[in-house]
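Each chain is listed here by its residues.
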Amino acid sequence: MLEAQAVCITSDGWTSIKNEGFYALTAHYIDKRGVLQAVLLECSSFHQRHTAENIAGWIEVVLIRFSIRYKVTAIVTDNAANMKDTATILKIRHLGCFAHTLNLIVQDAIRSTVKNVVDKAKATVSFFKTSSSSLAKLHDMQTKMGMKQLKLVQEVPTRWNSTYDMLERLLKTKDALISAIALLGSSEIVIDAADWVTMEHAVKVLKPFYDVTTEISAEDNITLSKTAVLSRLMLRSFNVTSGTDTCAGGAKAVEVTASDSIWQEFDKTVEKFQANKDPNVAAIIELDKFLAEPLLTRTGDPLV
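Keep in mind that what you see is a predicted model, and the values were worked out from it rather than measured.

Alignment of strand β1 (residues 7-15) against strand β4 (residues 72-77), held across 4 bridges, turns out to be parallel. Each residue of the ladder has a partner; that of isoleucine 9, found in β4, is isoleucine 75. Two strands pair when backbone bridges link them, and β1 and strand β2 (residues 21-30) are joined in this way by 8 bridges, in the antiparallel orientation. Note that in β2 the partner of threonine 10 across the bridge is threonine 26. The antiparallel hairpin formed by β1 and β2 contains 5 residues in its connecting segment, where asparagine 19 sits at a positive phi of about 65 degrees.

Turning next to the sheet that holds strand β3 (residues 36-45). Spatially, 5 strands are ordered β3-β2-β1-β4-β5 in an open sheet, and the strand pairing comes out mixed. Both outer strands of the open sheet, β3 and β5 (93-96), are each paired with one neighbouring strand and no more. Geometrically, the sheet is characterised by an average inter-axis angle of 25 degrees between neighbouring strands, direction not taken into account.

Mapping threonine 223 onto the fold places it in the loop between α8 (193-216) and α9 (227-237). Discounting residues that sit within four places of it in the chain, threonine 223 has contacts with Glu215, Ile216 and Ala218.

To continue, consider the pattern of salt bridges. Enumeration according to the criterion identifies 13 salt bridges in this entry. For arginine 65, the salt bridge identified is with glutamate 42, shortest N-O distance 3.0 Å. Separated by 23 residues along the polypeptide, arginine 65 in helix α1 (residues 52-65) and glutamate 42 in strand β3 bring together distant segments of the chain. In this structure glutamate 42 comes out as buried when scored by relative accessible area, which is 17%. Here arginine 159 and aspartate 165 are joined by a salt bridge, their closest N and O atoms 3.6 Å apart.

A separate point is the state of the cysteines. For the coordinates displayed, the defined rule picks out 0 disulfides. The structure places no disulfide on cysteine 43, whose sulfur is separated from the nearest cysteine sulfur, that of cysteine 97, by 17 Å. Sulfur of cysteine 97: no disulfide; nearest cysteine sulfur belongs to cysteine 8 and is 11 Å away. Since its relative accessible area comes to 18%, cysteine 97 is described here as buried.

Even without glycine at this site, serine 67 takes up a positive phi of about 60 degrees. Structurally, the position occupied by serine 67 is in the loop between α1 and β4. The backbone of lysine 91 sits at a positive phi, close to 60 degrees, despite the residue not being glycine. Assignment of secondary structure puts lysine 91 in the loop between α2 (81-90) and β5. Given a relative accessible area of 75%, lysine 91 falls into the exposed group.

Parameters and conventions
Residues numbered from 1 in each chain as written. Predicted model: local features only at pLDDT ≥ 70, side-chain atom pairs only at ≥ 80, totals over all residues. Heavy atoms only, no water. Pairing = 2+ DSSP bridges. Helix = DSSP H or I, 4+ residues; strand = E, 2+ residues; numbered from the N terminus. Axes fitted to C-alpha atoms, helices over the stretch in contact; angles between N-to-C directions. Contact = heavy atoms within 4.5 Å. Salt bridge = Lys/Arg side-chain N within 4 Å of Asp/Glu carboxyl O. Buried < 20%, exposed > 50% of the residue type's maximum accessible area, 1.4 Å probe, protein only. Disulfide = S-S within 2.5 Å.

Written out as structure tokens, the structure is:
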């Protein structure tokens, strides 16, 4: 890391189940072999107030200890105000975490559209996770229907894509769930036909966010340069049309649909460029290859 010309750092804080605060600082750089490296510099308890001044002071000490204070070109954190102010105090360029931003968008959209259905889904998952007999009945129905015994996934607000994972898993085991619920006769679960339809639409809309979050969270390659491309792919994957229903206040409802994958548009664009090769570009490439070839000696054979 001392040989690196530039270093980017990432930092985040969290609170344990024992209500103890922690902060971590990671350095990212490209080594002399051109390989992306990530090194955890510090992960320790943080007992001070989480103000920008205190966080900046903690980061400053860590950076000086590793002799990289003046190699840092940017810091990536969540979009919290105190983290933005931390970067300002340190006089380091701040970049908001792209994946965190997407998660905020998804959570806000869920709260304003399908929160009721998501809450029902969470209650259903909790019901089966807290009752061993009910879970056994679900597994029995999955086996009888020739389905794989899939575990239900609970939504966790701090875990990205967890809403998508939960709804998708419920849909995959939908028939077994409906049968198990009917046999159990439980009044705690009230997912009706309309709710299942809403889940199907929600999963389709959330799929592009899932794909992008997964792609942008890669650790073995640089992802910052992908954000502009991924943003455009997401915009192109959605189709927004005016619905027939009217919302409160007289506003027209909006229907949002999404393509099966964000990569459909990308693959089509790549295929288009591959099919329409520019002859000028091809000539330049061929000329570069020719110029890169070593000179022949006077007695050399050009056909060898």
